[in-house]
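# Structural features, examined
Here's the letter readout for the chains.
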Amino acid sequence: MQTLPSYLEGAWRTGVGDGVPVADAVTGEVVTRVTSEGLDLAAAVAYARRTGLAALAELTFPQRAAALKAAALALQERKHELYELSARAGATPGDAAVDVDGGIGTALVYASLARKGLPDHTIIVEDDPIPLGRGGTFAGRHVLTTPRGISVQINAFNFPVWGMLEKLAPALLAGLPTLVKPATPTAYVAAHAVRIIADTLPPGAIQLVAGGVPGLFDLLGGQDHIGFTGSAATAALLRSDPAVTRRSARFNAEADSLNCSVLGPDAVPGQPEFDLFADALVTEMTVKAGQKCTAIRRAFVPEHLLEEVAQAVQARLARVVVGAPGAPGVTMGPLVGLAQRDDVRAAVARLAAAGSVVWGDPAEVEVVGADAERGAFLSPLLLRADDPDRPEPHEVEAFGPVSTLMPYRDPARLLDLIARGDGSLAGSVVSHDGDFVRQVVLGAAAHHGRILVLDRDSAGESTGHGTPMPQLVHGGPGRAGGGQEEGGLRAVHAHLQRTAVQGGPHLLESIVK
Ligand code: NAP
C-alpha cells in the first residue's frame, strides 16, 4: 500500500518507514499509510518564509483574492474526485457536499469579500487620523501589515476540505504562506484537494505535511500564526508549547463543545417549531454521522414536553438508513474509523450512566451495502437524562450520532444548565416567542460563539444549527477553544499585525498612501 506523499517545497515528497495505516471507513481495507518520518520540516518552513512570503507580498489583496477564487474554481471542476475519496472516509454524498461544496463556497465568499472590502494594496489602514494634540500637528492611526511569518494549520479529521479552506482563505488573503497538517484519518482527502489547487496559487503559498510534525513548533515564533481545530486535549497541549507561551506565536483554537439546542415552551406539538426542533436534532445527529464540532449534544426541552419530544425524535430516527455511502436508500454513513467508533461507544457508556439510551443500540446496527463490523458503523443514539443535574451530559462529548434530551423547568434554570457546557461553538433556540428567545439568547450569548434562532418565519432560508457561515464568526469561549475563525474579513485582520502609527498628519498620509 502506497504511503501518502506530502507537498513540501513545491514537490510531492514521501516519508520513510511503515507509517500509520489508514483504513477505509466502510470496508476496513487499508487506503494509504501516513508518515512524515524523514521529511525536512525545517526546510519547508524556510521555503515558506522565503519563497511563499515573497510571492504573496508581490500581490495586492484583490490579486490574492483572484488566486483564491482560481483555487476554488479548480476544486469545483474536480469535486467529484473529492466526493469519491470522501466516501472511503465514510461520507455520504450529502456529507461530502457539506465538506467539499461548503469549503469551495467558503473560499469563494472570502474571495468576494476581499475583492469588495479590501484595498488595492498590501496594507490596510483602519482609520482616519485620530487627533492627539490641540494644534492639529500630531495624530495617530492604525495600519495592518503582513507578519513575516507563516500560517501553520492543524485540522481535525471530520472536514478535510472545508477545514483546510476556511483557514487557508484568510491566511492567503493576509499574505501568509500556509503549511497544512491534516488529521491522519482523512489526510488523503486533504492531500488530493492540495493536488488540485497547488498550481493555482503562488509558489510556496501552500504546503501540506501528512503525518506528525515533531519539532515544528520549535521553529515558530511571534511572526507566525497557528490555527488549530481538534480536541480540547490537543488544544491544551499545543497551547502550552513555548512557541505560544514564550515566543507568542498567535494561536487560535477551535475545540470540541457540548452544543445545545433549546425548545421553547410555546412550541407544543402541532406548532411548526415543535417539528422544526425534532427535524434539526435528527439532522445534527446524522449528518457526517454526528462527527461535527457544532452538532447538538444537549437538547433541552420543557419538562412537560419531554416524552412527546422523545417520541417525535424517535419516529424520525426510525427512518434513518445506515450503510455504505451511495448504497440505495442510505442516509447515514459510518464513522471515520473503528478507533473512533470505540471512542464514541465509551463516551456513550458514560453518558448512559446519567440516564438511558431511548433509541438505538450502541453495540449493534443494521447496515445496508456493507459489513457492520468491518466498517465503522454505529446506530444513531438518542439518550434521555431526566436529571439534568448529572454532570455527564454537560461534560462528555460523544463525537458521533449521539445526543441527549434533558428537561428544564423555567428560563433561569435553563440558562444555568446551558452554562454547564463551559463554552460552546453553537447553540440554537427554537421558538416563536420573542420574549423567551430574547431571554435565552442574551442569557446564553456569553457562553457561545454563535446562536441560531429558528422559527416558522426563518426556517425556509435558515442555514441550520450546525453550519458555520463564512460571513459570521465560528469559534466559542471556554471549552470550545476560546478562538474565533471566519467572521468575514475579521479573520483576515486576525492574521495581520495591527500597529498604531503616530506623527504629523502629513507624514502619516505619506506612509499609508
Ligand atoms: P485531535 O485528535 O485533537 O486531532 C486534531 C489535529 O491535531 C489532528 O490533525 C492531529 O493529527 C493533530 N495533533 C494531535 N496531536 C498533535 C501534536 N502533538 N502536535 C501537532 N498536531 C497534533 O482531534 P480529532 O480527533 O482529529 O478531531 C475530533 C475533535 O475535534 C472533536 O473533539 C471535535 O469536537 C473537534 N472539532 C472541533 C471543530 C471546531 O471547529 N471547533 C471542528 C471539528 C472538530 P493526527 O491526526 O495526525 O494525530
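Just so we're clear, the structure is a prediction, and the values are computed from it rather than from any experiment.

Thresholds applied
- Residues numbered from 1 in each chain as written.
- Predicted model: local features only at pLDDT ≥ 70, side-chain atom pairs only at ≥ 80, totals over all residues.
- Heavy atoms only, no water.
- Salt bridge = Lys/Arg side-chain N within 4 Å of Asp/Glu carboxyl O.
- Buried < 20%, exposed > 50% of the residue type's maximum accessible area, 1.4 Å probe, protein only.
- Pairing = 2+ DSSP bridges.
- Helix = DSSP H or I, 4+ residues; strand = E, 2+ residues; numbered from the N terminus.
- Axes fitted to C-alpha atoms, helices over the stretch in contact; angles between N-to-C directions.
- Contact = heavy atoms within 4.5 Å.
- 1 Å grid on protein atoms, 1.4 Å probe; cavity = no way out; pocket = protein on both sides within 12 Å on 5 of 7 lines; lining within 4 Å.
- Points joined across faces, edges and corners; volume = space filled by probe spheres on them.
- Nonpolar A, V, L, I, M, F, W, Y, C, P; charged D, E, K, R; others polar.
- Domains from an automatic or database assignment.
- Right-handed = clockwise from strand over helix to strand, strands pointing away.
- Near = heavy atom within 4 Å.
- Polar contact = N/O pair within 3.5 Å; in protein donor to acceptor, adjacent residues only side chain to side chain.
- Areas by Shrake-Rupley, 256 points an atom, 1.4 Å probe, with all protein chains shown as cover.
- Parallel < 35°, antiparallel > 145°, perpendicular 65-115°, else oblique.
- Left-handed = near helix turned anticlockwise from the far one by under 90°.
- Core = buried A, V, L, I, M, F, W, Y, C linked by side-chain atoms within 4.5 Å.
- UniProt positions renumbered as here; feature names shortened; annotations may be inferred.
- Buried area = accessible area lost by both parts, 1.4 Å probe.

### Quick look at the pattern of salt bridges
- Considering all chains together, one arrives at 22 salt bridges under this definition.
- Across the pair Asp-386 and Arg-384 runs a salt bridge, and its minimum N-O distance is 2.8 Å.
- When its relative accessible area of 16% is taken as the criterion, Arg-384 is described as buried.
- Across the salt bridge formed by Arg-390 and Glu-392, the nearest N and O atoms sit 2.8 Å from each other.
- Owing to a relative accessible area of 29%, Arg-390 belongs among the partly exposed residues under this scheme.

### Thoughts on the sheet that holds strand S13 (residues 260-263)
- In space, the 7 strands of this open sheet follow the order S15-S16-S17-S14-S13-S18-S19, with mixed pairing throughout. The open sheet is flanked by strand S15 (356-359) and strand S19 (448-454), the only strands paired with a single partner. Within the sheet, the average angular offset between the axes of one strand and its neighbour, ignoring direction, is 25°.
- When S13 meets strand S14 (residues 298-302), the two strands line up parallel, connected through 3 bridges. Looking across to S14, one finds that Cys-260 is bridged to Arg-298.
- Packed onto the sheet, helix H14 (residues 434-444) meets S13, strand S17 (402-408), strand S18 (424-430) and S19 and runs at close to 170° relative to S19.

### Some details on empty space enclosed by the protein
- Considering all chains together, one arrives at 3 cavities of 30 Å³ or more under this definition.
- The volume enclosed by the largest cavity comes to roughly 130 Å³.
- Along the walls of the largest cavity sit 17 residues, with Ala-89, Gly-90, Ala-91, Asn-158 and Lys-288 positioned nearest its centre.
- Here the lining of the largest cavity is composed, by residue class, of 8 nonpolar, 6 polar and 3 charged.
- Inspection of the lining of the largest cavity shows a minimum of three residues originating in each of domain 1 (42-255 + 486-511) and domain 2 (260-470).

### Details of the pairing of S19
- With 6 bridges joining them, S18 and S19 adopt parallel strand pairing. Within the sheet, the bridge partner assigned to Ala-426 lies in S19 and is Arg-450.
- Handedness of the crossover joining S18 and S19 through H14: right-handed.

### Notes on the site of the ligand
- Every one of the 26 residues lining the ligand counts as a neighbour, but Asn-155, Thr-184, Ser-231, Thr-234 and Glu-397 are closest to it.
- One of the backbone N or O atoms of Asn-155 is found 2.7 Å from an oxygen atom in the ligand.
- Protein chains bury 80% of the 910 Å² of accessible surface belonging to the ligand in isolation.
- Put simply, the parts of the chain that give the shell around the ligand at least two residues each are strand S11 (225-229) and helix H7 (232-239).

### Examining the environment of Ala-57
- Looking at the secondary structure, you find Ala-57 in helix H1 (residues 41-57).
- A sequence separation of 89 residues divides Ala-57 from Thr-146, and the C-alpha atoms of the two residues are 8.2 Å apart.
- Ignoring any residue separated from it by four or fewer positions in sequence, one finds Ala-57 in contact with Arg-64 and Thr-122.

### Description of the side chain of Asp-256
- Residue placement: Asp-256 occurs in the loop between strand S12 (250-254) and S13.
- Polar side-chain contacts of Asp-256 include one of 2.9 Å to the side chain of Arg-479.
- Not counting the four nearest positions on each side in its chain, Asp-256 is found in contact with Gly-230, Ser-231, Ala-232, Glu-397, Arg-479 and Ala-480.

### Some thoughts on the environment of Gly-504
- Of note, Gly-504 is situated in the loop between strand S22 (497-503) and helix H16 (505-512).
- Taking the C-alpha atoms as reference, Gly-504 lies 8.1 Å from Gly-140; in sequence the two are 364 residues apart.

### With respect to the side chain of Thr-404
- Position of Thr-404 relative to the elements: it lies in strand S17.
- Apart from the residues within four sequence positions on either side, Thr-404 is in contact with Arg-297, Arg-298, Ala-299, Leu-351, Leu-383, Arg-384, Ala-385 and Pro-393.

### A look at the packing of helix H2 (residues 61-77) against helix H4 (residues 93-117)
- For the pair H2 and H4, the least separation of the axes is 9 Å and the interaxial angle reads 160°. Classified by the angle their axes make, H2 and H4 are roughly antiparallel. Pair H2 / H4 crosses with left-handed handedness. Residues Ala-65, Leu-68, Lys-69, Ala-72, Leu-73, Leu-75 and Gln-76 of H2 form the contact with H4, whose participating residues are Ile-104, Ala-107, Leu-108, Tyr-110, Ala-111, Ala-114 and Arg-115.

### Looking at the nonpolar core
- Ranked by internal contacts, the top residues of the largest apolar core, which has 53 residues, are Leu-68, Leu-75, Ile-197, Leu-201, Ile-206, Leu-208 and Val-492.
- If you list the elements that add at least two residues to this core, you get strand S4 (30-34), H2, H4, helix H5 (162-174), helix H6 (187-197), strand S10 (206-208) and helix H15 (490-495).
- The contact partners of Leu-75, leaving out residues within four places of it in the chain, are Leu-82, Ile-104, Leu-165, Ala-193, Ile-196 and Ile-197.
- Ranked by size, the runner-up nonpolar core spans 46 residues in total, among them Ala-299, Val-313, Ala-398 and Leu-454.

### Considering the UniProt feature "domain: Aldehyde dehydrogenase" (unreviewed entry) in the protein chain
- Feature annotation in UniProt places "domain: Aldehyde dehydrogenase" (unreviewed entry) on residues 17-441, given in this structure's numbering.
- Between the C-alpha atoms that bound residues 17-441 the distance is 52 Å, and the span itself is 40% helix and 17% strand.

### Quick notes on the domain arrangement of the protein chain
- For the protein chain, the domain assignment lists domain 1 (42-255 + 486-511) and domain 2 (260-470).
- A separation of 32 Å is found between the C-alpha centroids of domain 1 and domain 2.
- Summed over both sides, the interface of domain 1 with domain 2 buries roughly 1500 Å², with 66% coming from carbon and sulfur.
- The tally of links from domain 1 across to domain 2 stands at 0 salt bridges.
- At 6 residues, H4 tops the list of elements feeding residues into the side of domain 1 that touches domain 2.
- Per-class residue counts for the side of domain 1 that touches domain 2 are 12 nonpolar, 7 polar and 3 charged.

### With respect to unusual backbone geometry
- Of note in this structure, Glu-9 is not a glycine but carries a positive phi near 50°.
- With respect to the element layout, Glu-9 can be found in the loop between strand S1 (6-8) and strand S2 (11-13).
- Here Glu-9 falls in the partly exposed class, since its relative accessible area comes to 26%.
- Residues other than glycine seldom take positive phi values, yet Glu-486 does so here, at roughly 55°.
- Relative to the helices and strands, Glu-486 resides in strand S21 (residues 485-486).

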